[in-house]
Amino acid sequence: MARCYSVRMAKRQTIPHVTLLTDARNDAELARVLARLPRGSAVVFRHYHLAPAERDRRFRQVAKQARARGLRVIGANMSDHLQADGVYGAARAVAGKPGLRLATAHSMKEMGAAVRAGAHGIVLSPVFPTRSHPGGQVLGAVRFLLLARRSPLPVIALGGLDHARAARLAARGPVHGWAAIDGLTC
């Protein structure tokens, strides 16, 4: 893989610098959180805890609020009939999908799969310990930065991040942006 992503690739799809991931933990505060996100940010709608029909209904509500604020709405494992601005998930889930394709990765092998799948950006995680995966293995800042430097695509950091941690991480290396659940909700 190339040492860093090309400017030409970045121009084809605008990759957000700040991305909120939704789930049951932040659903009650979602309207407040969306109102605080900078214009041009993204919302990855997950809400895996909801039944399909309720999830579709909630997606439409969140998408309307987000778009009114100038935010992009990315679907994770969503029905194709919903009007998402892109897709989020493993390389196989984003391959060939319309819109912005953000592939998740946890290793160099998965980063390679994301590139081959035609992803526009890689969400590399978990950088630090998270409430989503308590006790789970993390990359740590050094390993994350080593992987990010090898990526030919823009890299978004995820896992245990807040504004301060994201800024410190970006100051040390090639981090295009960051994503969070709790770090953007609190």
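All values derive from a computational prediction rather than experimental measurement.

Participant: Just to check I follow, could you spell out the overall build of the chain for this structure?
Facilitator: When helices and strands are counted, the chain shows eight helices and eight strands. The C-alpha radius of gyration computed for the chain amounts to 15 Å, which stays within 12% of the reference 16 Å derived for 186 residues, consistent with globular compactness. Once the C-alpha set of the chain is aligned to its principal axes, its extents read approximately 40 × 35 × 30 Å. In the chain, buried positions account for 51% of the 186 residues. Look at the contacts in the chain between residues 6 or more apart in sequence, and 53% of them connect residues 24 or more apart. The centroid of the 29 positive side-chain charges in the chain is displaced by 10 Å from the centroid of its 10 negative side-chain charges.

Participant: In this structure, what is going on with the sheet that holds strand 6 (residues 121–124)? I would like to understand it.
Facilitator: Picture the strands of a sheet paired through backbone hydrogen bonds; they go either parallel or antiparallel. Judged by pairing direction, the barrel is parallel, and its eight strands sit side by side in the order 1-2-3-4-5-6-7-8 before closing back on the first. Put simply, the sheet's adjacent strands are angled 25 degrees from each other on average, direction ignored. This element, helix 5 (residues 108–116), spans strand 5 (100–105) and strand 6 of the sheet and lies at about 160 degrees to strand 5.

Criteria and cut-off values
- Residues numbered from 1 in each chain as written.
- Predicted model: local features only at pLDDT ≥ 70, side-chain atom pairs only at ≥ 80, totals over all residues.
- Heavy atoms only, no water.
- Helix = DSSP H or I, 4+ residues; strand = E, 2+ residues; numbered from the N terminus.
- Rg over C-alpha atoms; globule rule 2.2 N^0.38 Å.
- Buried < 20%, exposed > 50% of the residue type's maximum accessible area, 1.4 Å probe, protein only.
- Contact = heavy atoms within 4.5 Å.
- Lys, Arg positive; Asp, Glu negative; His and termini not counted.
- Charge placed at Lys NZ, Arg CZ, Asp CG, Glu CD.
- Pairing = 2+ DSSP bridges.
- Axes fitted to C-alpha atoms, helices over the stretch in contact; angles between N-to-C directions.

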